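Architecture and fold: a report
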Amino acid sequence: MTTTYAVLSEGLEKRFRDVRALRGLDLAVAEGTVCGVLGPNGAGKTTAVRVLATLLRPDAGSARIAGHDLVREPDAVRRAIGVTGQYASVDGDLTGRENLRLFAKLHRAPKASARADELLERFELAEAANRPTSTYSGGMRRRLDLAASLITRPAVLFLDEPTTGLDPASRNQIWQAVRDLAADGTTVLLTTQYLEEADRLAHDIVLVDRGRAAQRGSPAQLKALIGSYAEVVVAHADAMTAAAGVLDQLTGGEPHFDHERRAVGAVTTDPTLTLPRLVRELDAAGVPLLDASLRPPTLDDVFLRLTDRPADPKGLVA
């Protein structure tokens, strides 16, 4: 079966004076899927969205969006896409309904009033439709902003960090909206710093670092690249060296030390390593053990390994 790509770019480059924001970025997003674009701050995620949405002209490379050439057919690209930026762009002096009707008229969408009411219902904003959006919560404003980007029923939707700063309940509402859009056939390119967000939503992930695609694949495929993580907590600090020796022998990975917790850990790609075997080997080596675990990798681990930049404990990339 031949895959049809809604977003396809090759060698995209963008420079701002002495800063090379994009250094040959390649993307391939299949129709009707959610592609998560992840990366540290300054990796080029937002620049990539702005280029693909025709807000910036690339310095080199090529791209096709919904079948249209990015540079030669910018108007056709704009008609095929919707864009939601990092901050809600709705007018606080207008009501929710007025905002959507204004967007509909600006886009010359047919049946503007009906489309606005449909989206208010879809995003659970109907009860607040006649209130000024300045009275909306952050989550409500983000949902209204997302609704506005769907006025024209775009084939491709660019979401640039849409849940930044939202509380967990509001974030879950946006997540469900994204799932529904993909289920309806909309292609979503989602940039985010939240690792859990990409893990839950994305069919495929592109890990961007320093303006290039450092790695790509499904969440499961990326995790499989780095293996599981074995960790032991010992009874006293003097035993950490012996524990590291056992982990080095069993995993082949470089041990990592957490002296405050008296913990030692290492990555392993050996599928035969089990927790009982790990505990037996530690016991045989005379290591006084308080705890041991063998867990599958997370996207935090993927970041640490593939970008050499750690993720902070809250899930945000540093």
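Residues numbered from 1 in each chain as written. Predicted model: local features only at pLDDT ≥ 70, side-chain atom pairs only at ≥ 80, totals over all residues. Heavy atoms only, no water.

**Overview of the overall build of the protein**
Secondary structure summary: the protein contains 11 helices and 14 strands in total. By principal-axis analysis of the C-alpha atoms, the protein measures approximately 75 × 45 × 45 Å. Expressed as a percentage of the 318 residues in the protein, the buried residues total 47%. Put simply, 66% of the contacts in the protein that link residues at least 6 apart link residues at least 24 apart. Total accessible area on the protein stands at roughly 15,800 Å², and carbon and sulfur atoms take up 48% of it. (Helix = DSSP H or I, 4+ residues; strand = E, 2+ residues; numbered from the N terminus. Buried < 20%, exposed > 50% of the residue type's maximum accessible area, 1.4 Å probe, protein only. Contact = heavy atoms within 4.5 Å. Areas by Shrake-Rupley, 256 points an atom, 1.4 Å probe, with all protein chains shown as cover.)

**Notes on helix α1 (residues 45-52)**
The element α1 is largely enclosed, with a buried count of 6 among its 8 residues. Within the sequence span of α1, burial applies to Lys 45, Thr 47, Ala 48, Val 49, Val 51 and Leu 52. Positive phi appears at Thr 54, one or two residues downstream of α1, with a value of about 70°.

**Here's the deal with the packing of helix α9 (residues 240-251) against helix α10 (residues 275-284)**
Following both chains from N to C, one finds α9 and α10 inclined at 135°, their axes separated by 10 Å at the closest point. Compared by their axis directions, α9 and α10 come out oblique. Considering only the axes of α9 and α10, their crossing is right-handed. Residues Ala 243, Val 246, Leu 247 and Leu 250 of α9 pack against Arg 277, Leu 278, Glu 281 and Leu 282 of α10. Among the residues forming the contact of α9 with α10, the class breakdown is 6 nonpolar, no polar and 2 charged. (Axes fitted to C-alpha atoms, helices over the stretch in contact; angles between N-to-C directions. Parallel < 35°, antiparallel > 145°, perpendicular 65-115°, else oblique. Left-handed = near helix turned anticlockwise from the far one by under 90°. Nonpolar A, V, L, I, M, F, W, Y, C, P; charged D, E, K, R; others polar.)

**Points about the pattern of salt bridges**
Here the structure, examined in full by the defined rule, presents 14 salt bridges. As a salt-bridge pair, Arg 115 and Glu 118 come within 2.8 Å of each other at their nearest N and O atoms. Note that Arg 115 and Glu 118 are positioned in helix α4 (residues 112-122) at a spacing of 3 residues, about one turn of the helix. A relative accessible area of 6% means that Arg 115 is categorised as buried. A salt bridge links Asp 270 to Arg 277, with the nearest nitrogen and oxygen atoms 3.9 Å apart. With relative accessibility at 27%, the residue Asp 270 sits in the partly exposed group. Beyond isolated ion pairs, a larger network of salt bridges with shared partners links Arg 115, Glu 118 and Arg 153. (Salt bridge = Lys/Arg side-chain N within 4 Å of Asp/Glu carboxyl O.)

**Comments concerning the sheet that holds strand β13 (residues 263-268)**
Taken in spatial order, the 4 strands line up as β12-β13-β11-β14 in an open sheet, and their pairing is antiparallel. Strand pairing shows two members of the sheet lacking a second neighbour, β12 (256-258) and β14 (289-295), which therefore form its edges. Adjacent strand axes in the sheet meet at a mean angle of 15° when their direction is disregarded. Here 3 bridges tie β12 to β13, and the two strands are oriented antiparallel to one another. Residue Asp 258 lies in a different strand from β13, and its bridge partner there is Ala 263. (Pairing = 2+ DSSP bridges.)

**Remarks on the sheet that holds strand β10 (residues 212-217)**
Pairing is mixed in the open sheet, where 6 strands are placed in the order β6-β7-β8-β3-β9-β10. For this open sheet the edge positions go to β6 (81-84) and β10, each flanked by a neighbour on one side alone. Across the sheet, the mean angle from the axis of one strand to that of its neighbour is 15°, orientation sign disregarded. Bridge count between strand β3 (residues 34-38) and strand β9 (residues 204-209): 4 bridges; the pairing is parallel. By the bridge assignment for β9, Gly 36 is matched with Ile 205. Against the sheet, helix α5 (residues 138-149) touches β6 and β7 (156-160), its axis set at about 160° to β6. Where helix α8 (residues 219-226) meets the sheet, it contacts β9 and β10, and its direction lies at approximately 100° from that of β10.

**Some details on the environment of Arg 216**
Mapping Arg 216 onto the fold places it in strand β10. Among the residues examined, Arg 216 registers a relative accessible area of 38% and is labelled partly exposed. Linking Arg 216 and Gln 193, residues 23 residues apart in sequence, is a C-alpha distance of 16 Å. One polar contact links the side chain of Arg 216 to the main-chain carbonyl oxygen of Asp 26, over a distance of 3.0 Å. (Polar contact = N/O pair within 3.5 Å; in protein donor to acceptor, adjacent residues only side chain to side chain.)

**Concerning the domain arrangement of the protein**
Parsing the protein into structural domains produces domain 1 (5-219) and domain 2 (227-296). Using only C-alpha atoms to locate each centre, domain 1 and domain 2 end up separated by 43 Å. (Domains from an automatic or database assignment.)

**Some details on the nonpolar core**
In terms of nonpolar packing, the biggest core is built from 33 residues, with Leu 100, Leu 119, Phe 123, Leu 144, Leu 146, Leu 159 and Val 178 touching the most fellow members. Only α3 (96-106), α4, α5, β7, α6 (168-183) and β8 (187-192) provide two or more residues apiece to this core. With 6 residues, α6 is the single largest residue contributor to this core. Apart from the residues lying within four places of it in its own chain, the contact partners of Phe 123 are Arg 143, Leu 146, Ala 147, Leu 150 and Ala 177. One finds Val 29, Leu 56, Ala 63 and Val 77 within the second-largest nonpolar core, a separate group that totals 26 residues. (Core = buried A, V, L, I, M, F, W, Y, C linked by side-chain atoms within 4.5 Å.)

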